[in-house]
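# Geometric and topological summary
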Amino acid sequence: MISKIKEALICLRAPRVTFRYPLEPMPAPARFRGRPTIDGAKCIGCGACAAVCPPRLIDIHGEGTTRTVELNFSRCTYCARCQEVCPVGAMQCTTDFETATNDRANYSVKVELAAVACQSCGTPFITQRMQQKLMAEFQPAWMQQRNELPEWLSLCQSCRVEKTGMTMGRNIKNG
Amino acid sequence: MTTAQVTMTTAPETLTKAQKILQGIQEKFGVALISAENPRPDRLFLKVRREEIRPITDYVFNTLKGRMVMSIGTDKTPVDGHYEVSYLYALDAEGIALNLKELVPENDPVVPSVAGIVTYANWNEREVYDLLGVKAEGHPDPRRLVLADDWPDDVFPLRKSVPYNFKPPVRDVKPPMRELTEREKKSTIVNVGPFFPTLEEAASFRLFVEGERIIGADYRGFFAHRGIEKLTDNVLDYNQIPFMAERICGICGFVHSACYCMAVEHAAEAEVPPRAQYIRAVMMELERIHSHLLWLGLAAHYLGFDTVLMQSWRIREPIMWLVEAITGNRKTYGLNLPGGVRRDFTNEHCDKILEVIAKIEKEAGELVAAAAEDHTLKMRLVDVGRLTPEDARLLCCVGPTARASGVNIDARKDFPYCAFPDLKFKPAVQHTNDIWGRLLVRAEETFTSIDLVRQMLARLPEGEIMAPVGNIPPWREGVGVAEAPRGECVHYVETGHDNRPYRWRVRAATYPQLQAVPYMLEGMHVADFPIIVGSIDPCFSCTERLITVDRGNANKLRIYEKKDLLAMSRRRTQELR
Ligand code: SF4
Ligand code: SF4
């Protein structure tokens, strides 16, 4: 019987524990990992986020001279790995958790970026912003000033391989 | 290290524990031991001849007092034409994980069954057959265990030749039933399932009942087998698996991702910064506190003490908010990656943790004290769901289930990981062998965890929280062991190419405990059934249906919903009052 009284006391002393949500908003804590989104002004289309996403929700595909970074977060695990690896802070996990919707299209975020063509074969192979970023990070200042593109940044991968192969072949021939 | 080197280069008095054990096995079995590796003091990986597996198993289990942890079946046929079947043992007294690996030729996929020596091997061997197609010769009950009933008989999903997304057509196949004893044949059969109220797995029990008493039980589960281990074939990479691992359990997910990361770190011989180790350990203990409070509420709920449910969940909730503020989510913390953790504690976090656990200590203390004095509660739990220490050992039970049967094992003590080598605590052990004991163990552990968190925060090291693991060479093995709230959680990783493991194997604590449930049920009332299954803490949640089959008229089915089952259990509490 005493234990029953004790239990009753615990209940009586307990404060109100429920919230008035959804009648009142309930902001998530600052570190909350919620709905991911891409800032189109910043994204350079590098594909780092696509490589780490565990459920593989980020797709990078190209048509002509555009490269599209497409995020469909309907199956998002909210791991925030994409945010962690994004080199320019374009990918952000917001604190938004109210993602219910009647339209699946609302789960999709698309960023379309202009791609530049390979100077040798003409196939678009890299986004303009990516090329600029690489140039800014890896090119010596004098080359940047003259706005000169180094060869390795102006050729697509297969042309680059071919070219290196040719150079190597020449070098071998020349001893 | 080859076996020869061990004996030649080291004098007996300087031998480590692992080397002594190795020497013992070598002396006794000689050529049956093909090779041995001792990559860390607490790990011993042996390759043994499969013809000799029974005597070696007998020696490891009965003489060395090893506890079987799990079997690991790996398809190495694309590499060297063999299947590999391993049995991982925990030598708890020595703190060594010992792996016995048999090489099985592709054209003769058979191993001798050891289920006659270690009862717990029963499921392990059935699982190896289901998933890898290596048969255990002489198995007492080789029914299908893991795969769906209609899965084709000749497709073994863990073979590398089977694509990960292979979907066989649906067939109409009866589930495999075990042979009944004469007594069971005369009894009434009560079917519980297939959606048993366990959160992780839908499960089905057939109870053999005489009047009110259960005389036997048969289990069929794995309905929700998700085949996540297969995803390492070509879907997930090293850094993606933690997020998958975290979703294995709906309550204690963090310990899974931590355990996986430990396995990878061991295999890669990577050092994890001390601060990351402490953060992991703090989070694991917070997880234990909220998990045990959750269990207490659920257990009380099954017995009809809903006030205890309401109050223990209320007391628990601040932990959920706390971890949400620290990690970004209340359940899937997403903290672990091989090499460390992704988010640091701030000073405010540490203060907040201390504040929350102080409050919980006080409130949970009052609640547990009130519940523990409750006469009715005690009557429902004392001597119910008994598991003898002998059975607990044969079934290799772990966690609170084992500790309430007097088996003094706790991975935090026996295999100290993360911060635990630096901490002082005593595992909670009871000798009552019943649910009451399991309750006492969990209650004590809740307060031990609070103390452990305090110890850790008082000495939280400064510094980095992540150290890059770098390239992981293939064909290394790692075993991660951690004490989850429900018992020891073990992850095994064999490294492979393409930045992903070749094999990833997970053993959660419920795996051995569920095998013990039929033992606990024997002689009990049907009304005790929910609390007995609940006493192993298998994360009850899904809705339940219970069908009684009237044997005189097979068409007359009685279907009990969850509410009927609960009502039955509660009526029994009323009767006792
Ligand atoms: S949060 Fe995780 S799951 Fe979601 S899009 Fe980013 S990487 Fe993918
Ligand atoms: S969101 Fe960031 S990581 Fe993803 S493609 Fe854009 S820049 Fe790269």
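Because the structure is predicted, anything quoted here is derived from the model rather than measured.

### A short note on the packing of helix H5 (residues 121-132) of chain B against helix H17 (residues 510-521) of chain B
Residue and element names in this part refer to chain B. Packing of H5 against H17 brings their axes to within 10 Å, and their N-to-C directions diverge by 120 degrees. By the angle class used here, H5 and H17 are oblique. Of H17, the residues touching H5 (which contributes Asn-122, Trp-123, Asn-124 and Glu-127) are Tyr-511, Leu-514 and Gln-515.

### A word on the environment of Arg-144 of chain B
All names here are of chain B. Turning to its location among the elements, Arg-144 is positioned in the loop between strand E7 (135-137) and helix H6 (182-186). As for Arg-144 and Ile-319, which are separated by 175 residues in sequence, their C-alpha atoms are 41 Å apart. The residues touching Arg-144, leaving out its near neighbours within four places in the chain, are Arg-126, Asp-130, Asp-149, Asp-150, Trp-151, Pro-152, Asp-153, Pro-176 and Arg-220. Of the polar contacts made by the side chain of Arg-144, one reaches the backbone oxygen of Ala-148; its length is 2.6 Å. In this structure the side chain of Arg-144 is engaged in a polar contact, spanning 3.2 Å, whose partner is the side chain of Asp-153.

### Considerations on the nonpolar core
Residues and elements named next belong to chain B. With 165 residues, the main nonpolar core has Leu-46, Phe-205, Leu-207, Leu-286 and Phe-345 as its most contacted residues. Looking at this core element by element, the count peaks at 18 residues for helix H9 (residues 274-303). Other than its neighbours up to four places away in sequence, Leu-207 contacts Thr-188, Ile-189, Val-190, Val-192, Ile-214, Gly-216, Ala-217, Leu-521 and Phe-529. Residues Tyr-238, Ala-245, Cys-261 and Ala-268 belong to the second largest nonpolar core, which totals 19 residues.

### Digging into the interface of chain A and chain B
Listed by partner, the interface residues are 25 residues for chain A and 37 residues for chain B. In this assembly, chain A packs against chain B so that about 2,600 Å² is buried in total across both faces, 48% of it on carbon and sulfur atoms. Contact with chain B buries area across many residues of chain A, yet Ile-10, Arg-31 and Arg-33 of chain A alone supply 28% of it, more than any other trio. Remark: the boundary between chain A and chain B carries 4 salt bridges. Note that Arg-342 of chain B is salt-bridged to Glu-84 of chain A, the shortest N-O span being 2.8 Å. For the side of chain A that touches chain B, the elements supplying multiple residues, two or more each, are helix H1 (2-13), helix H2 (48-52) and helix H3 (81-85) of chain A.

Reading the values: rules and limits
- Throughout this document, residue positions are counted from 1 along each chain, in the order its sequence is written.
- Chain A is the first chain written and ligand 1 is the first ligand written, with later ones labelled in order.
- Residue-level local features of this predicted model are given only where pLDDT is at least 70; pairs of side-chain atoms are given and counted only at 80 or more, and the full residue set underlies all totals for whole chains, interfaces and linings.
- Only heavy atoms go into the side-chain values, all of them from the structure, while hydrogens and water stay out.
- As a rule, the C-alpha atoms of each element are fitted with a line to give its axis, helices using only the stretch in contact, and angles between N-to-C directions run from 0 to 180 degrees.
- Numbering of helices and strands runs from the N terminus, with a helix taken as a DSSP run of H or I at least four residues long and a strand as a DSSP run of E at least two residues long.
- Should an angle fall under 35 degrees it is called roughly parallel, over 145 degrees roughly antiparallel, and 65 to 115 degrees roughly perpendicular, with every other angle called oblique.
- Only heavy atoms matter for contacts: two residues are in contact if any of them lie within 4.5 Å across the pair.
- In protein, a polar contact requires one atom able to donate a hydrogen and another able to accept it; more generally it is a pair of N or O atoms within 3.5 Å, and residues adjacent in sequence count only if both atoms are side-chain atoms.
- By nonpolar core we mean a set of buried residues, namely Ala, Val, Leu, Ile, Met, Phe, Trp, Tyr and Cys, connected to one another through side-chain atoms within 4.5 Å.
- When a residue's accessible area, from a 1.4 Å probe over protein chains only, is under 20% of the maximum for its type it is buried; when over 50% it is exposed; and in between it is partly exposed.
- Summed over both partners, the accessible area (1.4 Å probe) lost when two parts come together is defined as the buried area.
- Any Lys or Arg side-chain nitrogen located within 4 Å of an Asp or Glu carboxyl oxygen qualifies as a salt bridge.

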